[in-house]
Amino acid sequence: MYSLLKFLVGFSLLISNSWGQVNIKIDPPKPIKGESFNIIFEIETKSNDNPFVSFTPVGLEVLGRRKEVSLQTSMINGKFTSSRNYNLIYEVVSDQKRTARIRDIVVEVGSKKIKHKPVSIQVLGQRKKASSLFLKAEVSKKNIFLGEGIDVNYYLYSRVQVVQAEIKSFPKLKGFIKRFHKVNERQQAVEYNGLVYKRSLKYSARVYPEKIGKLNIDPLKLVLQYSQERNNPFGGIGFGFGRFKSKGVSSPTVKVTVNPLPSENVPAHFTGLIGEHKFNFTQAKNKFVVNEAIEGKLEVTGPGALEKLEAIPLYTNQSLEQFDAKS
């Protein structure tokens with residue numbers, strides 16, 4: 001598979017060397033005192049040697065360690081190269097609000113060694129107040145193949161009464177073929193980060209990438225009119241007339257990694273469609289006379305990028321001449 005997408009939410013540091021690269025990520029980026037969080041060393045290397053990480057925690061207690069490994073193949077200048085991704089994950093906790101640190105950081109892969117400067121971590125005393133209104137783009141997959149379809153849904157989350165939502169700017173979804181869905185804005189109660197919100201779908205599409213690499217699911221922008229009274233997610237209306245406010249919201253950009261299709265073991269009759277499809281061939285009759293036109297129709301049903309499917313040869317006998325084909 002092509003290089004896996006690393007979502008560097010919040011604080012992260014990246015260092016690289018001839019044998020690979022190392023990224024240090026704090027998850028969540030702003031931890032809370034008394035709650036465990038992860039320090040993740042993301043190591044990409046072409047070496048077959050297992051990496052080793054050492055560091056000294058300051059103001060932190062290490063609770064545990066685990067390792068995740070994945071093999072990936074990427075295309076560079078038309079050639080496939082393989083590398084390994086290691087996630088060395090340390091679960092840590094701080095017992096008080098402070099600026100904690102990890103220092104004496106050394107990453108070793110075989111005979112190669114790299115030292116990293118100390119990393120500071122801001123540990124908060126309490127969780128910040130949750131937003132009452134926000135917009136979020138959610139995709140069915142973030143790591144896909146060229147031509148593979150994914151669903152993109154833009155949801156409005158609210159804990160107050162929204163009176164009106166007007167679309168200010170639609171997402172461009174550049175680099176994708178787009179099929180837009182009819183939106184049902186029916187609200188539903190959902191839990192998000194330990195809080196109950198009302199969620200409603202504002203925009204939806206199925207998209208198909210047209211190029212390899214990292215593509216953006218760009219923002220949907222809304223202008224909202226809302227009441228400051230809290231939602232009752234299980235029913236009831238509590239509008240505070242005369243207390244309406246306006247607010248603009250925008251969904252954060254979501255990155256999607258598009259991998260090239262595998263070059264090995266490709267089926268001889270691969271159409272380029274990804275997913276399970278049904279093929280149904282029909283023609284008006286089975287017996288013809290010389291010089292009579294023969295017409296057949298192949299119907300394809302499935303989740304793939306049918307817009308890009310070229311007409312498939314239906315008749316291959318040398319005695320037949322194909323003079324018109326369309327899809």
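Residues numbered from 1 in each chain as written. Predicted model: local features only at pLDDT ≥ 70, side-chain atom pairs only at ≥ 80, totals over all residues. Heavy atoms only, no water.

(A) Here's a closer look at unusual backbone geometry. Residues aspartate 27 and proline 28 are joined by a peptide bond in cis, for which omega reads 0°. Tracing the chain through its elements places proline 28 in the loop between β2 (20-27) and β3 (37-45). Positive phi values are uncommon outside glycine, yet leucine 173 reaches one of about 50°. Residue classification places leucine 173 among the buried positions, given a relative accessible area of 0%. For asparagine 291, which is not glycine, the phi dihedral falls at a positive 70°. Here asparagine 291 lies in the loop between β21 (278-283) and β22 (296-301). (Helix = DSSP H or I, 4+ residues; strand = E, 2+ residues; numbered from the N terminus. Buried < 20%, exposed > 50% of the residue type's maximum accessible area, 1.4 Å probe, protein only.)

(B) Inspection of the confidence of the model for the protein at higher detail. Residue-level pLDDT values for the protein average 83, and 86% of them are 70 or greater. Here strand β1 (residues 12-17) stands out as the least confident element of the protein, with mean pLDDT 46; strand β12 (residues 150-158) is the most confident, with 95. Across residues 1-16 the pLDDT falls below 50, and counting only partners more than four positions away or on other chains, this stretch makes 68 contacts in the model. (pLDDT = per-residue confidence, 0-100. Contact = heavy atoms within 4.5 Å.)

(C) How the structure looks around the pairing of strand β7 (residues 98-109). Examined bridge by bridge, strand β4 (residues 51-58) and β7 share seven bridges and lie antiparallel to one another. Residue pairing in the sheet places valine 58 in a bridge with arginine 101 of β7. Summarising the sheet, β7 and strand β9 (residues 119-123) pair through five bridges and their orientation is antiparallel. Opposite alanine 100, over in β9, you have isoleucine 121 as the bridge partner. (Pairing = 2+ DSSP bridges.)

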